[in-house]
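Residues per chain, in single letters:
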Amino acid sequence: MNTQYKILILILIATISTTSGYSQIKEEILTIGKKKNPNVNVKNIEKKKTDPDKYPPSNENNSVKKDSLNYTIIDVPAVSEFQTSQLPPQSLNTDFTNSYYDNHAKLGYGTRNTVLGDLYFNYPINNNLTGIKLSALSTDGPKNKYDWKTSSSTIDAEAFYIFKLKTGKLHFAGNYTYNGTNYYGLNTPEIHATPHMNLRQNTNQLTFKSDYDMYSNNYLDKASLKAGYMWDKFDSNETFVDLKAKLAKSSENANLMLPGLNFGVEADVLFNYTYTHFGLNTKDKYSFLTAGFSPVLRISSQGSYLKVGANIAYNGELEGNNTKIFFHPKAEFLFNAAREINVYAGIDGGLKLNNMSDLFSENPYLYSNQLLRPTNILYKVYGGVKGDIDESIKYEAEGSFSKAENLYFFMRNPYDLTLPSVLKAYNRLNTFNAVYDDGNIITVKGALQYFWTGDLTIGLEGEYHNYNLDELKHAYNLPNFKVGLDSNYKTLEDKLKLEAKLFFTGERKSNYFYYDPASSSVREGITTLDSYVDLNLSASYKLYKNFSLFVNGTNLFSKNYERFQGYKVLGAQVLGGILVQF
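Residues numbered from 1 in each chain as written. Predicted model: local features only at pLDDT ≥ 70, side-chain atom pairs only at ≥ 80, totals over all residues. Heavy atoms only, no water.

(A) View of the overall build of the chain. The secondary structure content of the chain amounts to 2 helices and 28 strands. Put simply, the chain has 582 residues, and 51% of those count as buried. In the chain, the proportion of contacts linking residues at least 24 apart, taken out of those at least 6 apart, comes to 68%. Here the chain has roughly 25,400 Å² of accessible surface; of this, 57% comes from carbon and sulfur atoms. (Helix = DSSP H or I, 4+ residues; strand = E, 2+ residues; numbered from the N terminus. Buried < 20%, exposed > 50% of the residue type's maximum accessible area, 1.4 Å probe, protein only. Contact = heavy atoms within 4.5 Å. Areas by Shrake-Rupley, 256 points an atom, 1.4 Å probe, with all protein chains shown as cover.)

Put into structure tokens, the structure is as follows:
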């Protein structure tokens, strides 16, 4: 297939990534004028684990090592990408050609009083570019399933300026993000629900971002800076500074007197400072300073390569005056037998900071005082095969074994097993805590993509995880397996675009609380959250060169499944609107 076709590569996401947790109304954000080549990328998807049987989590937990927490020295995602969320952003398959306008405004309205707005505007200044992005989404939520408010809303606003310099591209941006929700998942409404109760929680975040991308990497390939401040309704706040730099690769033309072999060297440098001050209960404070260095030597020949290096990190827990140096091996070998078959194997590891911002974006129903620890992937051994077949099929399959410390899970928070004198939004047995445990993970995953004449793309992705934890009996609120299928089709000279997404998520275990009338007390139990299938369909039609209509249908099987225990998502939803480009 000719790579000049503009092919939109779809990666099915159902769990966790940006705002996660509840229903299926998804904000559409336009991706305009970008050419994308078919690419199957099954990254190292690792899940973070936590500990359920240690409830509530405390700062004194002998079963889990109290290392400090911090920054990703390598890319080891902690949670699955298959999150279902009421309001997570997701790119819309517009795939406009250069003859269309870049700027756009989008407005939509749907069931459950769902309102969607999206605006993008840029303006060239000499050889540079400045502009704004604004998106907003609100919905009443599944209020037909509850007798109290279940609404949620998001706002994302950004102003940016891009300098196109002789040596590279320099980008500055200021961003504001708002996420509002309600703690509507009460386990014991018979004793904790009150008339006109206020269950509202909201988080705000101000972020400054800058990155510099060199055109030629003689000394520096790229660098980025991210600094911000986050706060919520209950006086919790977090300040962070994140600095990354990728040093330039040396010339791979140097063969060091070994004909047929090319050598290259690269290194990542990382620095992170995070200060978190929670506003409830004990008002815990966490302050972490992390620095990392990841050198890698690459030896390549005729499409095959060997990478050897290490991930080295210093992590200091300033509040507890604890410091530690982490060393993780890093190596990968790929044998290019043919274009259709590439066999690879490797070992990796890394340190991942679990902060307030990341945890709340993954689960917005968290109690506003969490125990923070770093997830330490001691090592991950993996192997797999990938390749391209006839330029129309891409595939990858991988298996891995990981050993990790301080994996986290979400469990129901037993904040009030006795009825408090004053009921707040968060103390009605309706929040979650992150709990930690050590353990092993066996993972098998695969992806398959098919491209047909530039008009049809089909993607299939699945993963299976087996958790063996030291203390916890279950990997709470994490499914063992997930499967996703999506497809895009465009016709009528690209005026009509259709998209379908179908995903299946397996059963999950969760603790919960219930009222026992016999003893007039609240008890804790373990329940199994049902597996679920979710179908989403969308269509857009371009009436004129700069005017389109769109309609989206989500959760069309209309199952009010629970992403987190007690929090039912919206049933079937339909949203439609207009898109204007200018």
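So much for the structure itself; the text now carries on.
(B) A look at the pattern of salt bridges. The final tally for this structure, using the stated rule, is 14 salt bridges. For glutamate 398, the salt bridge goes to lysine 380, with nearest N and O atoms at 3.9 Å. Taken together, the residues span a long stretch of sequence, with glutamate 398 in strand E17 (residues 393-412) and lysine 380 in strand E16 (residues 375-389) at a distance of 18 residues. Of the two residues, glutamate 398 and lysine 380, both sit in the buried class. Linking arginine 523 and aspartate 516 is a salt bridge whose minimum nitrogen-to-oxygen distance equals 2.9 Å. By relative accessible area, which is 38% here, arginine 523 ends up partly exposed. One network of salt bridges, in which partners are shared, links Lys133, Glu158 and Lys209. (Salt bridge = Lys/Arg side-chain N within 4 Å of Asp/Glu carboxyl O.)

(C) Quick peek at the packing of aromatic side chains. By the definition in use, this model includes 29 aromatic pairs. Aromatic pair tyrosine 184 and tyrosine 567: ring centres 4.8 Å apart, planes at 65°, arrangement edge-to-face. Of this pair, tyrosine 184 sits in the loop between strand E7 (168-182) and helix H1 (189-192) while tyrosine 567 sits in strand E27 (residues 567-568), and the two are 383 residues apart along the sequence. On the basis of relative accessible area, tyrosine 184 is assigned to the buried category, the value being 0%. (Phe/Tyr/Trp six-rings, centres within 6.5 Å; stacked < 30°, edge-to-face > 60°.)

(D) View of the confidence of the model for the chain. Per-residue confidence for the chain gives a mean pLDDT of 82, with 79% of residues at or over 70. A low-confidence stretch, residues 1-100 (pLDDT under 50), is modelled with 415 contacts involving residues beyond four sequence positions or located in other chains. (pLDDT = per-residue confidence, 0-100.)

(E) The environment of asparagine 272, seen in detail. Tracing the backbone shows asparagine 272 in strand E11 (residues 262-277). Residue classification places asparagine 272 among the buried residues on the basis of a relative accessible area of 4%. A polar contact is formed between the side chain of asparagine 272 and the backbone oxygen of valine 241, at a distance of 3.4 Å. (Polar contact = N/O pair within 3.5 Å; in protein donor to acceptor, adjacent residues only side chain to side chain.)

(F) Spatial organisation of the pairing of strand E19 (residues 456-469). Pairing between strand E18 (residues 432-452) and E19: 14 bridges, direction antiparallel. Bridged to tryptophan 452 within E19 is leucine 456. Taken together, E18 and the strand that follows it, E19, pair antiparallel across an intervening segment of 3 residues, in which threonine 453 is found at a positive phi of about 50°. Two strands pair when backbone bridges link them, and E19 and strand E20 (residues 481-491) are joined in this way by 9 bridges, in the antiparallel orientation. Along E20, the bridge assignment pairs leucine 460 with leucine 485. (Pairing = 2+ DSSP bridges.)

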